[in-house]
Amino acid sequence: AGMKNAVNINSSAMEADAPQGETEQYCWRQADEEVEVTFKKEGLQKGDKSQVKVKFAKQRLRVEVKGEVLIDAELYSSTTPDESTWSLSDGVLQVTLFKAEGGTWDRLLKAA
């Protein structure tokens with residue numbers, strides 16, 4: 001996938017002009033082949049991994065932390081669940097969805 005706009009070095013190949021967004025629960029951004037969803041959760045620690053449940057489906061994402069559902073919704077487009085991942089650091093849960101077909105998503109969720 002090479003760098004399209006080499007000027008924007010900090011964005012780690014995320015496209016600055018591609019649709020992205022932020023809600024109270026999360027913020028998201030995208031690159032050609034992936035969508036990054038970041039959940040900020042007060043009091044969440046790296047050691048809480050066992051209390052995080054992330055369920056990847058082809059066109060659905062469900063994230064539960066300490067019994068609280070942060071998102072359970074149909075995605076804008078298809079993903080490849082096997083290649084999608086998540087990681088946890090203090091206060092932040094980052095979910096990376098691998099796009100099944102690449103290209104730009106107009107929004108994260110199917111419902112506007």
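Residues numbered from 1 in each chain as written. Predicted model: local features only at pLDDT ≥ 70, side-chain atom pairs only at ≥ 80, totals over all residues. Heavy atoms only, no water.

1. Here's the deal with the overall build of the chain
Part 1: Each helix and strand in the chain was counted, giving zero helices and eight strands.
Part 2: Across the chain, helices and strands are ordered from the amino to the carboxyl terminus as β-β-β-β-β-β-β-β.
Part 3: Out of the 112 residues in the chain, the part that is buried amounts to 36%.
Part 4: Residue pairs at least 24 apart in sequence account for 52% of intrachain contacts in the chain once pairs closer than 6 positions are excluded. (Helix = DSSP H or I, 4+ residues; strand = E, 2+ residues; numbered from the N terminus. Buried < 20%, exposed > 50% of the residue type's maximum accessible area, 1.4 Å probe, protein only. Contact = heavy atoms within 4.5 Å.)

2. Some points on the sheet that holds strand 4 (residues 52–57)
Part 1: Across the sheet, three strands lie side by side as 4-5-6; this open sheet has antiparallel pairing. In the strand order of this sheet, the two ends are held by strand 4 and strand 6 (68–74), each with one partner. In this sheet, adjacent strand axes meet at a mean angle of 5 degrees when their direction is disregarded.
Part 2: Pairing analysis gives six bridges linking strand 5 (residues 60–65) to strand 6, with the strands arranged antiparallel. In the sheet register, Val65 faces strand 6, and the bridge partner there is Glu68. (Pairing = 2+ DSSP bridges. Axes fitted to C-alpha atoms, helices over the stretch in contact; angles between N-to-C directions.)

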